[in-house]
Amino acid sequence: MKTEKPNDVLQGTLDLLILRAVSLGPLHGYGVLLRIHQMSGEELLIQQGSLYPALYRLEHQGAITSEWGESENNRKAKYYRLTRLGRERLSEETERWERMSGIINQILRVTPKEI
Amino acid sequence: MNPGSVAFGLASRIRSWMRATAQRRRLERDMELELADHLERLTSDLIAAGHNPHEASRRARIALGPALKHKEDMRSSLGLQWMDQARDDLRFAVRQMRRNPRFAIIGALSLALAIGANSTLFAVVKQLLYTPLAVPHADQLRLLRWWGDGNEAVHGMWGDFDSAPGQGTNSSVFSYPVYQQLRAHNDVLQDLIGFKDDGMNATIRGEAQRVSVEMVSGNYYGQLRVRPQVGRAITEADTVVPGSGAVAVISDGLWARSFGRSPVVVGQTITLNQSVVTIVGVNPPGFTGLKLAQQSPDLFVPLSLQPVIDPKGKASLLTDPGLWWVNIMARSRDGITDLQAQSALNFVLQGAVRSTLTVRRGETMPRLVLTDGSRGLRVPDRVFRMPLLVLWALTGFVLLLACANVANLLLARAAQRRREMSVRLALGAARGRLLRQLLTESVLLAFLGGVGGLVLTYFGRNLLPRLLTEPWQRAEFNTAFDAKVFAFTTIITLITSVLFGLAPAWLSSRLPIGGALKETALQTTRRRKGLSGKALVSFQVALSTILVLGAGVFLRTIWSLGSVDVGFNPDNLLLLEIEPPVSRYPAGKDVNLHMQLEQRFTAVPGVESVAAGYVPYISDNMSNETFLPEGEISDPHRRQAEAVNWVGTDFFKTLEIPILAGRAFGIQDTATSPKVGIINESLARKRFGSTDVVGKRFKADQEKSDWIQIVGVCRDTRYVNLRTQPPAQFFLPFVQQKQVGRMVYQVRTHVPASTLAPLLRKIVQQVDPDLPVTDIRTQRDQINAAMQLERAVAVLTVGFGLLAMSLSAVGIYGVMAYSVAQRTNEIGIRLAVGARPVQVRGMILQESSRVTGIGLVCGIAVALGLTHLVRSMLFGIETYDPPTILVTVGVLVLVALGATWIPARRAAALQPMDALRNE
């Protein structure tokens, strides 16, 4: 049974952001959060609560894979890495996003005279 | 996404789900650790940003949010939520059951009985009616049969043969010359296999016994693609010369029974009807030959051996065009339809008949038909199809009844749980979740029933065939308890749970939120919510009526059969069979042997009298012979054959058949004295028009036979079975025959069979150690065996009827008890304003009578229709049998009254004040 989520539209975006963040190298959960924050020029702070369910979902779908490993000061952390399937999906989603944002941009730019 | 990726994604999902389920504890720990790690990192970053540790930890926790909720979301990301809920539902369902064990036991038990009965019937029906022969690609096998219009040129037959007036003849046997021509000119099927099953006497390792033998053509093993597990198969080389090929392949069963599975069996010899044959191989286990799929013949020998080991008359059957006896089977050929093959072979058959038989004027050609051969000759179909399907249908009713019963119990319980459901809904449970919860409870109940049913099936599956076979014969067939039976049980269990679980669950989950919470105890008016419960009870009563009425008609049938006057005294009569093989006992010698054995048996202490007879009565056997009274000539267009029996001197004394006129056979009737005969009343009336026939003459068999003088007239006796009226019959002394072959000895004695049989067996062994004594039973056993099928059907239907009645009683009791509980206030008021307890009781009884009455009427209407369908299985009663209907109604009314009595008494005994205060 699927529980309806209010941020379904954003969920796809979150998946894309996570895939992109992980594509630059293996990261643990907190690292994903920081990387997205950093990559967005300190502009975007994602909901910490929705991060982990999203990570688990992506791993379940086979887009990323995880492994426990040592982090800097000898602490154990679970690292997520992009899989082949994840890479495919990242490029597909990127393309889709670009097309979508292009369309929306165009809509937003249209002036009354042009119609 | 490309298909490969999709597959990869799916595989990943399955792997992830399996890992999560299998290593659940590790998963939980990982989630815990991961969130803790996140929190720590966040906290230390916040400290680094200048917050004090306490504040940092607080902010971190706020930022991350509730871990419990996240973990739940993470689990549902992995698809675990569904399973967790199912587990919770199951745990709750078990708790519910523990709290109310009586409900669970009644429900599960009734389901177990119903499911068990259904699965048992499924297993037996599958085994007896649908199991294909154990050869590779049995579906390719085609059995050759022929149809005639009743006047066909074929006269002598040894084998299966159906003829019904107006429907012609239908048989699966051919003469050997016809088989050879068909085989030679066949290019539409693969090579034609010839085979024939017969019983023979064998001496195996010094023990004389009766064995079943399949005589097979040389291409048999090659065409069937069956390879012996030990030794070699029978090949064409064994069958080239008629009379040659004294080799045998034995069955796995015989190998185990007589040789202890010793591998040195190959090369050993056995005596088969006085001929020595050498064992060359052992069939693989499971292989049962071509006749039956249930039981294997003991021995397989080449058909070419027939003239040596199984001679019938003087001529070899391999060259005799007159007697039709060989069964023919072949595999289909790719690209040729059955219809094409049939018409091509029919053409060959016409030619073969014309070239081997003289076709007289008015005689017609048999027409060849190709039928499914995958189940051999389909012997069980003829006898068991109808009874088994009827029983199966009845178990279907029992299952429906059990479902209705459980649904009823669930409905009553759902009413009790209205408050619980309302509270759950009010607290925010989704209706779907509630529905699932209730369905889980039903499935659990059905699961218990299904497990019980499987256990019953496991033990019942061999019980049923045992009820159906003759007790003195070795029955080997085991009903398989395989994946299909298991799957069937599972499927009906699931269907059952949905059938009985869905309606109550749906009704419960449809409650208005808070509705039941607002309900007060002060209900004085009845609402129509009890309707579905009562309809269910009526339905149950209707089903019970069908089952009880069914039991009634089958009981009446065996009573009628049991009280049939057979015309002789069947008590204290022991039967045993001796078949002297023709090779050692040619014509004349066999007669002497039987005379000698009769005398020796008579001398045994405790034996009152002995007579051998060719046909034992009520054994589904009969012999006919042309009967020509003086003055009548043979006429091929008239049926002049009458039932006949060749009997010993003391036959009438031994069987206690009264002689009405003239005398019985006596010692004066010998092989050399004038030929004599005795006829029964029916024959006298039928062919002579009066019973005053002593002294008249007739001829038997053919016109050139000797005259036979009638010396006596005896009373009619039943012959083939209990059902058919006594036929016209005549008796001839076997001592005046040239050859009789197998005889059945009838021994009048008060000594128990178990004491007498070894003595008689010893006498036979003294005369001939290779002569087996077989089929020892009493005439009562024989009659009981003739009623076996009817008795099995009656026993089972009575069982179903009793089960149905108890289920209905539970249903009626449940609904009435619930109704009384619901109406407590109402009854209190009635009592308070002056109703007498008798009136209250009457009111409740009336309510239950209405429910029962509707069920009874519907049930009887349906049952009468169904009885009409099974009328061929009935005996001695009409399909519309008022006594049976009356008894059925009476019994069910009593059951209904009994079940209502307790609730009614409880209602009448209510104290008005208590009832009014009742919450």
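Residues numbered from 1 in each chain as written. Chains lettered and ligands numbered in written order. Predicted model: local features only at pLDDT ≥ 70, side-chain atom pairs only at ≥ 80, totals over all residues.

Another aspect to go through is the overall build of chain B. A tally of regular secondary structure across chain B gives 28 helices and 26 strands. Relative to its length of 919 residues, chain B is extended, with a C-alpha radius of gyration of 38 Å against a globular reference of 29 Å. Structurally, chain B occupies a C-alpha span of about 130 × 80 × 55 Å along its principal axes. Residues classed as buried in chain B amount to 42% of the 919 residues present. (Helix = DSSP H or I, 4+ residues; strand = E, 2+ residues; numbered from the N terminus. Rg over C-alpha atoms; globule rule 2.2 N^0.38 Å. Buried ≥ 20, exposed ≤ 12 C-beta atoms within 10 Å, placed from the backbone.)

Bringing helix α3 (residues 53-64) of chain B into the picture now. In a regular helix each residue adds 1.5 Å, so 12 residues correspond to 16 Å; α3(B) covers 16 Å between its end C-alpha atoms and thus fits that length. One or two residues past the end of α3(B) sits B:Gly65, with phi positive at roughly 90 degrees. (Expected span 1.5 Å × (residues − 1).)

All names here are of chain B. Within the largest apolar cluster, 87 residues are counted, with the highest numbers of intra-cluster contacts made by Leu-111, Val-398, Ala-402, Val-406, Leu-547 and Ala-804. Ranked by residue count, the leading element in this core is helix α12 (residues 379-416), at 17 residues. Beyond its immediate stretch of four places on either side in the chain, Ala-804 contacts Val-398, Leu-401, Leu-543, Ser-544, Leu-547 and Val-548. In terms of nonpolar packing, the next biggest core, distinct from the first, is built from 69 residues, Val-230, Leu-272, Leu-299 and Val-308 among them. (Core = buried A, V, L, I, M, F, W, Y, C linked by C-beta atoms within 7 Å. Contact = placed C-beta atoms within 7 Å.)

On to the interface of chain B and chain A. Tallying the contact residues gives 25 residues for chain B and 17 residues for chain A. Elements with a minimum of two residues in the side of chain B that touches chain A: α1 (3-22), α2 (24-48), α3 and α4 (67-77) of chain B. Ranked by the residues each element gives to the side of chain B that touches chain A, the list is headed by α2(B), at seven residues. Residue composition of the side of chain B that touches chain A, grouped by class: nine nonpolar, 10 polar and six charged. (Nonpolar A, V, L, I, M, F, W, Y, C, P; charged D, E, K, R; others polar.)

Attention now moves to α2(B). The terminal C-alpha atoms of α2(B) lie 36 Å apart, and with 25 residues this matches the ideal 36 Å at 1.5 Å per residue to within 8%. Of all the residues in α2(B), the buried ones are B:Glu34, B:His38, B:Arg41, B:Leu42 and B:Thr43. Check the buried side of α2(B) and you find it contacts α2 (29-39), α3 (48-61) and β3 (76-82) of chain A together with α3 of chain B.

Overall, the prediction assigns chain A a mean pLDDT of 82, with 89% of residues at 70 or greater. Confidence, expressed as mean pLDDT per element, reaches its minimum in chain A at helix α1 (residues 8-23) of chain A with 78 and its maximum at helix α4 (residues 84-109) of chain A with 90. (pLDDT = per-residue confidence, 0-100.)

Per the domain assignment, the segments of chain B are domain 1 (3-79), domain 2 (138-374), domain 3 (383-519 + 528-562 + 788-917) and domain 4 (581-770). Between domain 1 of chain B and domain 3 of chain B, the C-alpha centre-to-centre distance is 53 Å. (Domains from an automatic or database assignment.)

Attention shifts here to the sheet that holds β3(A). Residue and element names in this part refer to chain A. Pairing is antiparallel in the open sheet, where three strands are placed in the order β1-β3-β2. Each edge of the sheet is formed by a strand with only one pairing partner; in this case those strands are β1 (27-28) and β2 (64-70). In the sheet, β2 pairs with β3 via seven bridges, with the strands oriented antiparallel. When the bridges of β3 are listed, Thr-65 appears paired with Arg-81. (Pairing = 2+ DSSP bridges.)

Turning next to unusual backbone geometry. Residues and elements named next belong to chain B. Positive phi outside glycine occurs at Arg-205, with the angle close to 50 degrees. Locating Arg-205 in the fold gives a position in the loop between β6 (193-204) and β7 (207-216). Its identity as a non-glycine residue notwithstanding, Glu-656 has a phi of 60 degrees, on the positive side. For Glu-656, the location among the structural elements is in the loop between α20 (651-655) and β20 (659-662).

This part covers the packing of helix α26 (residues 837-869) of chain B against helix α27 (residues 882-908) of chain B. Residues and elements named next belong to chain B. The contact between α26 and α27 brings their axes to 9 Å, and the two run at 150 degrees. Considering their axes alone, α26 and α27 lie roughly antiparallel with respect to each other. Of the two elements, α26 crosses α27, and the hand of that crossing is right-handed. The segment α26 lies against α27, with Pro-837, Val-840, Arg-841, Ile-844, Leu-845, Ser-848, Thr-852, Leu-856 and Ile-860 engaging Ile-885, Val-889, Leu-892, Val-893, Ala-896, Thr-900, Pro-903, Ala-904, Arg-905, Ala-907 and Ala-908. For the contact of α26 with α27, a count of residues per class yields 15 nonpolar, three polar and two charged. (Axes fitted to C-alpha atoms, helices over the stretch in contact; angles between N-to-C directions. Parallel < 35°, antiparallel > 145°, perpendicular 65-115°, else oblique. Left-handed = near helix turned anticlockwise from the far one by under 90°.)

Let us now look at the pairing of β3(A). Residue and element names in this part refer to chain A. Here β1 pairs with β3 via two bridges, running antiparallel. Residue pairing for β3: His-28 is matched across the bridge by Tyr-79. Two successive antiparallel strands, β2 and β3, enclose a turn made up of five residues, where Asn-74 displays a positive phi of approximately 60 degrees.

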